[in-house]
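Single-letter residue listing:
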There are 2 protein chains.
Amino acid sequence: MATWQRIPGGITAPKGYRAAGIAAGLKPSGAPDVALIVSDVPAIAAGVFTTSQVRAACVDYCRQTLKQDATVQALLCNAGQANAGTGAIGEKAVSLSTERAAKALSIDPSSVLVASTGVIGKQIPMEPFLVGIDKVAEALSEAGSDSAAQAIVTTDLVTKSIALEMELDGRPVRIGGISKGSGMIHPDMATMLGFVTCDASVSPALWQEMLTRAANASFNQITVDGDTSTNDSLIALANGQSRTPAITAPGPEAEQLEAMLTVVCQHLAKAIARDGEGATALIEVNVTGAANDAAARQIARTIAGSSLTKAAIFGRDANWGRIAGAAGRAGVSFDQNQLRIQLGDSLLMDQGQPLKFDVQAAHDYLCRQAEASQLPAEAGGTSLQSSANSNDLVTDAGKSPLRPAMGHSPLEHPIVIAVSIGDGPGQGLAWGCDLSYDYVKINAEYTT
Amino acid sequence: MATWQRIPGGITAPKGYRAAGIAAGLKPSGAPDVALIVSDVPAIAAGVFTTSQVRAACVDYCRQTLKQDATVQALLCNAGQANAGTGAIGEKAVSLSTERAAKALSIDPSSVLVASTGVIGKQIPMEPFLVGIDKVAEALSEAGSDSAAQAIVTTDLVTKSIALEMELDGRPVRIGGISKGSGMIHPDMATMLGFVTCDASVSPALWQEMLTRAANASFNQITVDGDTSTNDSLIALANGQSRTPAITAPGPEAEQLEAMLTVVCQHLAKAIARDGEGATALIEVNVTGAANDAAARQIARTIAGSSLTKAAIFGRDANWGRIAGAAGRAGVSFDQNQLRIQLGDSLLMDQGQPLKFDVQAAHDYLCRQAEASQLPAEAGGTSLQSSANSNDLVTDAGKSPLRPAMGHSPLEHPIVIAVSIGDGPGQGLAWGCDLSYDYVKINAEYTT
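Draft legend 1. Here's a closer look at helix H6 (residues 252–274) of chain A. Here H6(A) is 23 residues long and its end C-alpha atoms lie 33 Å apart, about the 33 Å a rise of 1.5 Å per residue gives. The element H6(A) is largely enclosed, with a buried count of 17 among its 23 residues.

Rendered as structure tokens:
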């Protein structure tokens, strides 16, 4: 088994990366809105993008660029405008901004990828954006992960960041990541973004395969409301600066690296699920006994996305009927007489039959886990920007002191729903959040 | 084109049917909870049932019975217990109750179908149920549609009923229907049920084909929260008592009958969508320009089921971005530059680009339609049982006076979202409701 430890530093923890985030005036609030992540040397890039038929200009650009050449040196991101539903002007914004970043960094424009998040159908104000690109390039720093993480958010309550380290051939290899997203969703501020840096040396095809699998086990297994964004993007760089042996074929080294990559992606994905609009708890669904992993994941995702289950969790109610109902309609065939449902330590259903269980104990478990998973911003009633401590449970970068134990992170206290549907080897995890009044409030009171 | 008129009488409007609903004590409230619908002569039966892997005992029984012989004479229904998650005892409840009904009616048990709705995992109290079956058989009447419609509901705010008549070969042919459902869903009071009676003479295979297609264009196109029930059942009888020529092959007569059947099913389905938990408006999504009808229906259903779109409608906000986002993730391929979105008379997006539109006019349209679609029970603040007038806009049976024009029915004032994705011939309709605080309240505050 791979072993790794958590370290500070986020996306600049791996060797040879600098990052920064600055306020360019793209967000009406004046909050940071342009981020740049740069590798000192050309890096191998892999990407996973939205499957929506309605896509932002930057998504099409990244797909095409990566298809031609997977060597990339910079990731540019703006928050405020999604650059979706923007036509030819939106495409021009992509080329102008990547050219500007390339010029500031003295690299080729094709080495710059770009992601956007914010309001759909609004053009990015190019004058401040281009000036902001120059500014963010000047601000690049090896301690810049936190400022980049803050510049990519929209409606998020907290920033999301992680870095892990393991040993390969006696030398440290690191993977760092930041993400944003408050659901797939907010009104027209949709979008899940994830940026991952790694200092290992990996071949392009293998790195892409690893990222695709890691995304399938993480970002593709979270759901806030089922609404996929026009801009969802996950981009991972590997620059070889760890000076560890190149990984060019499947084997123990590749497996270890992929395992660590998967944990990074799962952390970032869970952080998004916990920060779901209006959420008061993080839900983890663990499905076993399916014919294969894909089937198990599908059932897990369906349960995590069930409005009825989510509303029951908000009501702190151990409603096994809704969990069983969601499992049954997931589109995966199984024998209902083998269905087993457990909530925390409480066994609610076995062999398809409801069991007598301690309703109060199950209720207490739901309350306890929800309490333990409160976001610091909620507990303190402070916003992302105004509290120096608002991130320190979720991020571990920059000046925020690392908490001594992972056990204190809100993400370590999900409400666990374990479902078994048979004797098969397939298993899968999914994450979601509860459905609260605030979800409706946030999304009904927003006006175009 | 087929022409038909609306008539009173619900499921007992077609010739040769009697129905009744009585209170047997299965619901804690003491409200009517056992319904029986009987054809004077053996009728051809067709059925469409839940696709869930977790199914009630009655669903499996109906499927098996219809597979052996499509000749049926009675439909029995209890409300209060779903008879799902009830194992062997639940199967026994099915055989005991169908045998009792058969004895009371002096017919063969295999001529009795049964449906259940209510709490999952609770056994039906058999003593009161069996006594109730005798009682409901004695109460059968040609004016009994309304009492049957009242005995099949659970959390519904209003009953759902319709009857239509057309001419075939110079003689009247009638189709009547009742349904229940407040979403696919309520907590553990899930379930959509639909019962349709017809006095035409149709061959079994053709009748099943007609019902399957009608269900695909109606019940399968409504969504309240995406949660499919363990008990969903739609059963249609055709008993030939209209004395019109037997319809045994596709042709103009079959087309006319199917068209009328589809309208009956769409009315019953829309009534369920409008009665969705917490709903304040009925939403109709009309997708055109797809490669085929199935693709158009899928997009329509995805938009109607999008939490973001539903919350925006609750906020009376013409949020085209959410509609475009839902269309994009429906799993159907299209060119986003051909996307066109219209809300009522307001064109919001064309050729994939957002348009300037009168935001106030669009808001007014949403308010106006929602206002016009208010359920009578809501307007008067009265419950299903306590108001003599609570049903008269939705049902047209029994003593309730028929409103002079269909235009006054809440179901005739949906909020219409029209989406075009290209130049293809495929089109599809779907119906849903908005997502309100009350949906969360109803589903979070329920406790097992």
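Continuing now.
Draft legend 2. Structural context of the pairing of strand S3 (residues 34–49) of chain B. Residues and elements named next belong to chain B. In terms of burial, S3 is largely enclosed, as 12 of its 16 residues are buried. The pairing of strand S2 (residues 17–22) with S3 spans 6 bridges and is antiparallel. Counted as the bridge partner of Ala 19 is Ile 37 from S3. Strand direction decides the pairing type here: S3 and strand S4 (residues 71–81), joined by 7 bridges, are antiparallel. Each residue of the ladder has a partner; that of Ala 35, found in S4, is Cys 77.

Draft legend 3. Region of the structure containing the sheet that holds strand S15 (residues 415–420) of chain A. Residue and element names in this part refer to chain A. The strand order S9-S16-S11-S15-S12-S13-S14 describes an open sheet built from 7 strands, whose pairing is mixed. The strands lining the two open edges of the sheet, one partner per strand, are strand S9 (222–223) and strand S14 (353–354). For strand S12 (residues 340–343) and S15, the ladder comprises 4 bridges, and the chain directions are antiparallel. In the strand pairing of S15, Ile 341 is matched with Val 419. Strands in contact with H6 are S9, strand S11 (282–289) and strand S16 (424–433); relative to S16, the strand with the most contacts, it is inclined by about 45°.

Draft legend 4. Fine view of the pairing of strand S11 (residues 282–289) of chain B. Residues and elements named next belong to chain B. Burial analysis of S11 places 6 of its 8 residues in the buried class, the great majority of the element. By the bridge criterion, 7 bridges tie S11 to strand S16 (residues 424–433) in an arrangement that is antiparallel. Bridge pairing links Asn 286 to Leu 429 in S16.

Draft legend 5. Structural context of the sheet that holds strand S14 (residues 353–354) of chain B. All names here are of chain B. Strand order across the open sheet formed by 7 strands is S9-S16-S11-S15-S12-S13-S14, with mixed pairing between neighbours. Looking along the sheet, the strands with just one partner apiece sit at the ends: strand S9 (222–223) and S14. Sitting on the sheet, helix H7 (residues 293–305) touches S9, S11, strand S15 (415–420) and S16, and the angle it makes with S16 is about 25°.

Draft legend 6. Summary view of the environment of Gly328(B). Residues and elements named next belong to chain B. With respect to the helices and strands, Gly 328 occurs in helix H9 (residues 320–328). Given a relative accessible area of 2%, Gly 328 falls into the buried group. C-alpha separation for the pair Gly 328 and Thr 302, spaced 26 residues apart in sequence, amounts to 9.4 Å.

Reading the values: the criteria
- Residues numbered from 1 in each chain as written.
- Chains lettered and ligands numbered in written order.
- Predicted model: local features only at pLDDT ≥ 70, side-chain atom pairs only at ≥ 80, totals over all residues.
- Heavy atoms only, no water.
- Helix = DSSP H or I, 4+ residues; strand = E, 2+ residues; numbered from the N terminus.
- Expected span 1.5 Å × (residues − 1).
- Buried < 20%, exposed > 50% of the residue type's maximum accessible area, 1.4 Å probe, protein only.
- Pairing = 2+ DSSP bridges.
- Contact = heavy atoms within 4.5 Å.
- Axes fitted to C-alpha atoms, helices over the stretch in contact; angles between N-to-C directions.

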